[in-house]
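If you want the building blocks of each chain, they are given just below.
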Amino acid sequence: MVVQEAAVVVINAGGLILLRMRILIAACLAVVWLPVFAAVLPDERVDILEHQYEGGGIKVSGPSVLVRKNIGTKVSVSANYYVDMVSSASIDVLASASRYSEERKQQSVGVDYMFDRTSFSLGYTNSDENDYQAKTYSLGVSQTFFGDLTTLNFGFSFGQDVVGRNIKGVPDPSFQLDKDRRSYRFNLSQIVTKNLIAELSVESGTEACIDMKEGETCLNNPYRSYSYLLNGARALLPEKYPLTHNTDAVSLRAIYHLPYSASIRADYRSFSDSWGITASNAELRYIHDFKKDLLLELKYRVYSQTEADFYSDLFPYKDAQNFMARDKELSPFSSKTVGVGLTYKFPWVIPGIEKSTANLYWDHMQIDYEDFRDYANFSGTKAPDASYKVGEEPLYNLNADVIRFYVSFWF
Amino acid sequence: MIATKVVLIALALFTLLCSSCSRVKPWVKPYERQHIADPIMSFSRDPVSDAYLSHVHDAREGAKGADGGSGGGCGCN
């Protein structure tokens, strides 16, 4: 009976992956619009990108178009149109619902105003899909010092989301949850030597459910369930999350110009949140410029995190804690990513276009989960092996490929 | 969280104080910035591409934020 109850609620898992996206839209966009060095306006350019992610039973693809244009010598405006077309039969979806397809569209506009060595930025983003709407407002200010060797950047963004739910693909009008997001950012870029640039970033964010009724939570995916032991088998019930989430992240990155036409870049980030997750990631990139018309990038990235306080792959019994989750993104895991990319600068000159490039980048990710079990062999083709005890099934892992192909034009 | 906000406020005050630091002479002269101006020295050569990749990571990882000038973390996919 308990399992049946869960099955009614968890009918459609559309939004399982996309949910995490809107939480972070504010952080993404406000910063994208801000130039690293504020003494000049950003480049006037057009980028037309086609993206694709495939792995773990999920395929996400779509276009992204970014246009940036100056108005006079002090104002730069930009607009971005982005689409995610999702086809998902991920392990989360198969565990509690059926495969689904959906689409998310996002529109962003931004404006930068430069005054001497100060730049002010405003941005607005709207993201829309059938079970989630997000609006984000952002502002930022940048200032350069010491002959433009140092750039300080402060940013703030505010977001309002409406979390919905579909039942059999139809929006449920009785299910609408409001969520607020805030993010505060600080960024310091420093030209250290004539061959070295370093950057320090600090960001704190908070997200909170607004006017929740008893038992409601807005920070989890409404389609996902936690798993608990019932009569020697797994049973499912809707997850229960806290109503607030605070995050803190600090990162340091540096890029060094080698004695020949190449650079090497290193990144490190440390993260912690109010849910008990601590994480860190590090990345190395090598970028080689061949005769100024072909650019090669190689990279290697590692990431690891601990689990949230209320995460478990299998709780011992129903309502074992006040908060319970089985989101693999809240579980302990580590990942490795290798990437290679090429940028080719077209030799021809197009009237009105200063430079044009074609770019192809490929990343391969391998994620190994340390406490998230493939209890029904969702990732395989064979039937689940009954010899495994409940809670001792094989650990899940996934491999994914991320491809970005885009052309860029500078004016 | 509170500690971070205190740090941010302190840094904001530092920024204001720095407006009187204009006498510090740049130790990397403008004519020495050929390498610095090279596109391969940019933390974000192509913002639309970098934002998408941050987005991919943020959708699959618990961590987010502090992605700096490269654009940080709307985590779709």
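Engineer: An account of the overall build of chain A is requested, with residue identities and associated values reported.
Structural biologist: Regarding its fold elements, chain A presents 4 helices and 20 strands. Counting all 411 residues of chain A, 44% fall into the buried class. Contacts in chain A between residues far apart in sequence, at least 24 positions, make up 65% of those at least 6 positions apart.

Engineer: Summarise the overall build of chain B; cite the residues concerned and give the values.
Structural biologist: Across its full length, chain B holds 2 helices and 0 strands. Counting across all 77 residues of chain B, residues that qualify as buried make up 49%. Sequence-distant contacts in chain B: of pairs separated by 6 or more residues, those separated by 24 or more amount to 19%.

Engineer: Pulling in residues and values, what's your account of the environment of aspartate 46 of chain B?
Structural biologist: Here aspartate 46 of chain B lies in the loop between helix H1 (2-18) and helix H2 (47-60). Judged by the 23 C-beta atoms lying within 10 Å of it, aspartate 46 of chain B falls in the buried class. Beyond its immediate chain neighbours, meaning those up to four positions away, aspartate 46 of chain B contacts Asp47, Asn359 and Ser408 of chain A.

Engineer: Which residues make up the confidence of the model for chain B, and what are the values?
Structural biologist: Residue and element names in this part refer to chain B. Scored by pLDDT, chain B comes out at a mean of 74, with 56% of its residues at no less than 70. Note on residues 69-77: pLDDT under 50 across the span, and 65 contacts to partners over four residues away in sequence or across chains. The ipTM assigned to the predicted complex is 0.87, against a pTM of 0.85.

Engineer: Can you break down unusual backbone geometry residue by residue, with the values?
Structural biologist: All names here are of chain A. At aspartate 116, a position not held by glycine, the phi torsion is positive, near 55 degrees. If you trace the backbone, aspartate 116 turns up in the loop between strand S4 (100-115) and strand S5 (118-129). Looking at aspartate 116, the number of C-beta atoms within 10 Å reads 10, which means it is exposed. One non-glycine residue, aspartate 148, lies in the positive phi region at around 65 degrees. With respect to the helices and strands, the residue aspartate 148 is situated in the loop between strand S6 (132-145) and strand S7 (150-163).

Engineer: Any details on the pairing of strand S11 (residues 196-210) of chain A? Residues and values, ideally.
Structural biologist: Residue and element names in this part refer to chain A. Examined bridge by bridge, strand S10 (residues 177-193) and S11 share 15 bridges and lie antiparallel to one another. Across the sheet, isoleucine 191 pairs through a bridge with isoleucine 197, a residue of S11. As consecutive antiparallel partners, S10 and S11 are separated by 2 residues. Across 13 bridges, S11 lies against strand S14 (residues 244-257) in antiparallel orientation. When the sheet's bridge partners are listed, glycine 205 is paired in S14 with threonine 247.

Engineer: Please provide a residue-by-residue account of the environment of alanine 279 of chain A, values included.
Structural biologist: Note that alanine 279 of chain A resides in strand S16 (residues 278-290). Separated by 50 residues in sequence, alanine 279 of chain A and glutamate 329 of chain A have C-alpha atoms that sit 11 Å apart. Each residue touching alanine 279 of chain A, except ones within four places of it in the same chain, is listed here: Phe271, Tyr303, Ser304 and Gln305 of chain A together with Glu61, Gly62 and Ala63 of chain B.

Engineer: Would you mind going over the pairing of S14 of chain A in detail, with residue names and values included?
Structural biologist: All names here are of chain A. One ladder, built from 11 bridges, connects S14 with strand S15 (residues 262-273); its direction is antiparallel. Its bridge partner being in S15, aspartate 248 is matched across the sheet by serine 272. In textbook terms, the turn of a hairpin is the stretch between consecutive antiparallel strands, and for S14 and S15 this stretch comprises 4 residues.

Engineer: Please give an account of the nonpolar core that cites residues and values.
Structural biologist: Soluble, globular proteins show a tendency: their nonpolar side chains are buried together. Residue and element names in this part refer to chain A. Counting residues in hydrophobic clusters, the biggest one holds 29 residues, and the most contacted among them are Tyr226, Ala308 and Ala325. Elements that contribute at least two residues to this core include exactly S6, S11, strand S12 (225-230) and strand S13 (233-238). Broken down by element, this core gets its largest block of residues, 3 residues, from S13. Excluding its chain neighbours within four sequence positions, the residues that come into contact with alanine 308 are Trp275, Gly276, Ile277, Ala325 and Leu330. Counting residues in each nonpolar core, the second largest holds 24 residues, with Leu49, Tyr53, Ile58 and Ile367 among its members.

Engineer: Mind laying out H2 of chain B, listing which residues take part and the relevant values?
Structural biologist: Counted at 1.5 Å a residue, the expected span for H2 of chain B with its 14 residues is 20 Å, and the 20 Å between its end C-alpha atoms agrees. Most of H2 of chain B sits inside the fold, with 14 of its 14 residues counted as buried.

Engineer: Kindly report on the environment of alanine 59 of chain B, identifying the contributing residues and their values.
Structural biologist: Turning to its location among the elements, alanine 59 of chain B is positioned in helix H2. Taking the C-alpha atoms as reference points, alanine 59 of chain B and proline 39 of chain B, separated by 20 residues in sequence, lie 28 Å from one another.

Procedures and definitions
Residues numbered from 1 in each chain as written. Chains lettered and ligands numbered in written order. Predicted model: local features only at pLDDT ≥ 70, side-chain atom pairs only at ≥ 80, totals over all residues. Helix = DSSP H or I, 4+ residues; strand = E, 2+ residues; numbered from the N terminus. Buried ≥ 20, exposed ≤ 12 C-beta atoms within 10 Å, placed from the backbone. Contact = placed C-beta atoms within 7 Å. pLDDT = per-residue confidence, 0-100. Pairing = 2+ DSSP bridges. Core = buried A, V, L, I, M, F, W, Y, C linked by C-beta atoms within 7 Å. Expected span 1.5 Å × (residues − 1).

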